[in-house]
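# An overview of the molecular structure
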Amino acid sequence: MCSVVGVYGNENASKLCFYSLFSMQHRGQEAAGISSSYEAKIKTVKNRGLVTQIFSEDDFKVLKGDMAIGHTRYSTAGDDSILDAQPVFARYGLGEISIVHNGNLVNAKEIREELTKKGAIFQTNMDTENIIHLIAKNYQKNTLKERIIDAVKQIKGAFSLIILSRHKMFAIRDPFGFRPLSLGKIKSGGYIVASETCAFELVGAEFIRDIKPGEMITFEDGEIKSEMIFEPAPKQCIFEYIYFARPDSNVFGKNVYVVRKQMGRELAKELPVDADMVVPVPDSGVAAALGYAEESGIPFEMGIMRNHYVGRTFIEPTQEVRDLKVKMKLSPIVDKIKGKRLVVIDDSIVRGTTSKRIVRMLKEAGAKEVHMRIASPATTGPCYYGVDTPTKEELIASKMSVEEIAKYIEADSLAYLSIDGIIRAIKDKKENYCFACFDGNYPIL
Ligand code: SF4
């Protein structure tokens, strides 16, 4: 996942990056960082931890200037170490640059081997460092912009990139547009580019438009210039709607909450259940559950409470921590659910362990029946484009049928929303989206 932000032409650039990263913390909780450019020098502060834990007032005395970029990290490539926090900074033949990247490159290994053969030395395990090397070693080109274009034409996969130089900023989205990237105008001056538009609200920016798949925007001399550097072939990640993005964000031109609620409606149409109550798995199942309840006429109840002081379980790397966190995180409202037939709505099932624990917890609390309804198709394959889904072997739907999964999670019934149901919910063309972790049609490998 990860989030990226860039602010151009605002004297509080690094602080606006900080607030933007804070609003996009859900996209990565392992590390965060900000680079800013001031008097032709780039300064960077980054560390492990949450955004609010990393930056102090003193850091903003260092992070001066009216241009800054930032990143929150969720490790999908590289290690979970401070070295692999972003932005990635380098001094090279034309000066200084700093890069933030959301997405994964599918040819990172080949590029790294090639660069290493030619003598390049790497400091991190991140595929993002490849991009810096490709830019730095291209001494045939005299401008940074030409070098950036050459570099991104050599990489393949998912990249929403923001690059800061001493005097300019560049924002680029790969031709498939796997990850979102939006452009806004800040009311107090300047522009912002961010993974999600929820960042715009917080910093007082108005949404202008999404950066198009294949587009590069150059921020220079107070102006923005757009050019298409790739032939666009949109394959935007459908999981952004299902799980990742914040409901108050607009991604790929649509509000996430509205789409999720509509997915719940489609789920109710496709997979009705005779039940007393619709209960969401908080928080990611709430919008779909509201849609399901409205469509089915079955009352909506918050039958499960979430402790918000525990992070998202999906985001934690080890199984032990995940197990413990589920118990710490969710608890049933016994008086509400006792003796009731429940339709429980969740966004997805990954390994099945969380669903099993939820069903068991509800039954122990006295629920008469528990029918799981999932507002996405069965996840059967990993993601190679920047999302930390586990390996195929760990995905329960890759090795069990729906009936077998229902039995494993101890639910009275289980059903998933179809891909057609999602298409109806997003009211867009299927070919504009990536569904690879559901249907195995990987756009690039
Ligand atoms: S494989 Fe799945 S998670 Fe990855 S980009 Fe495609 S839809 Fe998104």
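Residues numbered from 1 in each chain as written. Predicted model: local features only at pLDDT ≥ 70, side-chain atom pairs only at ≥ 80, totals over all residues. Heavy atoms only, no water.

Looking at an unreviewed UniProt entry, the chain carries the name Amidophosphoribosyltransferase, with the source organism given as Lebetimonas natsushimae. Here is the UniProt Function (unreviewed entry) comment for the chain, exactly as written: "Catalyzes the formation of phosphoribosylamine from phosphoribosylpyrophosphate (PRPP) and glutamine." According to its UniProt record, the chain has this under Pathway (unreviewed entry): "Purine metabolism; IMP biosynthesis via de novo pathway; N(1)-(5-phospho-D-ribosyl)glycinamide from 5-phospho-alpha-D-ribose 1-diphosphate: step 1/2." (UniProt positions renumbered as here; feature names shortened; annotations may be inferred.)

### Overview of the UniProt feature "active site" (unreviewed entry) in the chain
The UniProt feature table records "active site" (unreviewed entry) at Cys2. Residues contacting Cys2, with those up to four places away along its chain left out, are Arg27, His71, Thr72, Arg73, Tyr74, His101, Asn102 and Ser195. (Contact = heavy atoms within 4.5 Å.)

### Structural notes on the sheet that holds strand β2 (residues 31-38)
Here we have seven strands laid out as an open sheet, ordered β3-β2-β4-β1-β10-β9-β11, and antiparallel in their pairing. The two strands at the open ends of the sheet, each matched to only one other strand, are β3 (41-48) and β11 (205-210). Averaged over all pairs of adjacent strands, the angle between their axes in this sheet comes to 15 degrees, without regard to strand direction. Bridge count between strand β1 (residues 3-8) and strand β10 (residues 191-194): four bridges; the pairing is antiparallel. Its bridge partner being in β10, Gly6 is matched across the sheet by Val193. Sitting on the sheet, helix α1 (residues 13-23) touches β1, β2, β4 (67-73), β9 (182-186) and β10, and the angle it makes with β4 is about 25 degrees. (Pairing = 2+ DSSP bridges. Helix = DSSP H or I, 4+ residues; strand = E, 2+ residues; numbered from the N terminus. Axes fitted to C-alpha atoms, helices over the stretch in contact; angles between N-to-C directions.)

### Here's the deal with the sheet that holds strand β21 (residues 369-374)
Consider a sheet: its strands pair through backbone hydrogen bonds, and that pairing is either parallel or antiparallel. Taken together, the four strands give an open sheet; going across it, the order is β17-β20-β21-β22, and neighbouring strands pair in parallel fashion. Looking at which strands have only one partner, the edges of the open sheet turn out to be β17 (277-280) and β22 (413-416). With strand direction ignored, the average angle separating the axes of adjacent strands in the sheet is 25 degrees. Where helix α10 (residues 286-296) meets the sheet, it contacts β17, β20 (341-346) and β21, and its direction lies at approximately 165 degrees from that of β17.

### A closer look at the UniProt feature "binding site: Mg(2+)" (unreviewed entry) in the chain
In the numbering adopted here, UniProt assigns the feature "binding site: Mg(2+)" (unreviewed entry) to Ser284, Asp346 and Asp347. Across 64 residues of sequence, these annotated residues stay compact in space, with a maximum C-alpha separation of 6.8 Å. Topologically, Ser284 is positioned in the loop between β17 and α10. Each residue touching Ser284, except ones within four places of it in the same chain, is listed here: Tyr243, Arg260, Asp346 and Asp347. Looking at Ser284, its side chain comes within polar contact range of the side chain of Asp347, at 2.7 Å. Mapping Asp347 onto the fold places it in the loop between β20 and α13 (353-364). By relative accessible area, which is 5% here, Asp347 ends up buried. Aside from chain neighbours lying at most four places away, what touches Asp347 is Ile242, Tyr243, Ser284, Ile374, Ala375 and Ser376. (Polar contact = N/O pair within 3.5 Å; in protein donor to acceptor, adjacent residues only side chain to side chain. Buried < 20%, exposed > 50% of the residue type's maximum accessible area, 1.4 Å probe, protein only.)

### Describing the environment of Gly366
In this fold, Gly366 is placed in the loop between α13 and β21. Distance from Gly366 to Asp335, taken between C-alpha atoms, is 9.0 Å for residues 31 residues apart in sequence. In this structure, Gly366 is in contact with Ile337, Lys338, Gly339 and Lys340, ignoring residues within four places of it in sequence.

### Remarks on the nonpolar core
Counting residues in hydrophobic clusters, the biggest one holds 51 residues, and the most contacted among them are Ile238, Tyr241 and Met263. Of all elements in the fold, only α8 (239-244), α9 (256-270), α10, β20, α15 (419-426), β23 (433-434) and α16 (436-439) reach the threshold of two or more residues within this core. Counting contributing residues per domain, this core is built from domain 1 (3-234) and domain 2 (256-439), each supplying no fewer than three. Sequence-distant contacts of Met263, defined by excluding residues within four places in its chain, comprise Tyr241, Ile242, Ala375, Leu417, Ile422, Ala425 and Ile426. Counting 30 residues, the second-largest nonpolar core is a separate cluster that includes Tyr92, Leu105, Ile149 and Ile172. (Core = buried A, V, L, I, M, F, W, Y, C linked by side-chain atoms within 4.5 Å. Domains from an automatic or database assignment.)

### A short note on the pairing of β9
For β9, a buried count of four out of five residues is recorded, marking the element as mostly surrounded by other parts of the structure. Bridge count for β9 against β11 is five bridges, and the pairing is antiparallel. Counterpart to Gly184 in the pairing with β11 is Phe207. Note that β9 and β10 share four bridges and pair antiparallel. By the bridge assignment, Leu183 is partnered in β10 with Val193.

### Focus: the packing of aromatic side chains
Each aromatic ring pair is summarised here by two numbers: the centre-to-centre distance and the angle between the ring planes. Per the counting criterion, the structure on display carries 17 aromatic pairs. Ring geometry for Phe18 and Phe60: centres 5.7 Å apart, planes at 80 degrees, overall edge-to-face. Placement of the pair is Phe18 in helix α1 and Phe60 in helix α3 (residues 57-62), with a sequence separation of 42 residues. Owing to a relative accessible area of 14%, Phe18 belongs among the buried residues under this scheme. Overall, the relative accessible area of 13% leaves Phe60 in the buried class. Among the aromatic residues, those joined into a ring-pair cluster are Phe176, Phe178, Tyr384, Tyr385 and Tyr442. Sitting over the face of the ring of Phe230, Lys153 holds its NZ or CZ atom 5.6 Å from the ring centroid. (Phe/Tyr/Trp six-rings, centres within 6.5 Å; stacked < 30°, edge-to-face > 60°. Lys NZ or Arg CZ within 6 Å of the ring centre and 35° of its normal.)

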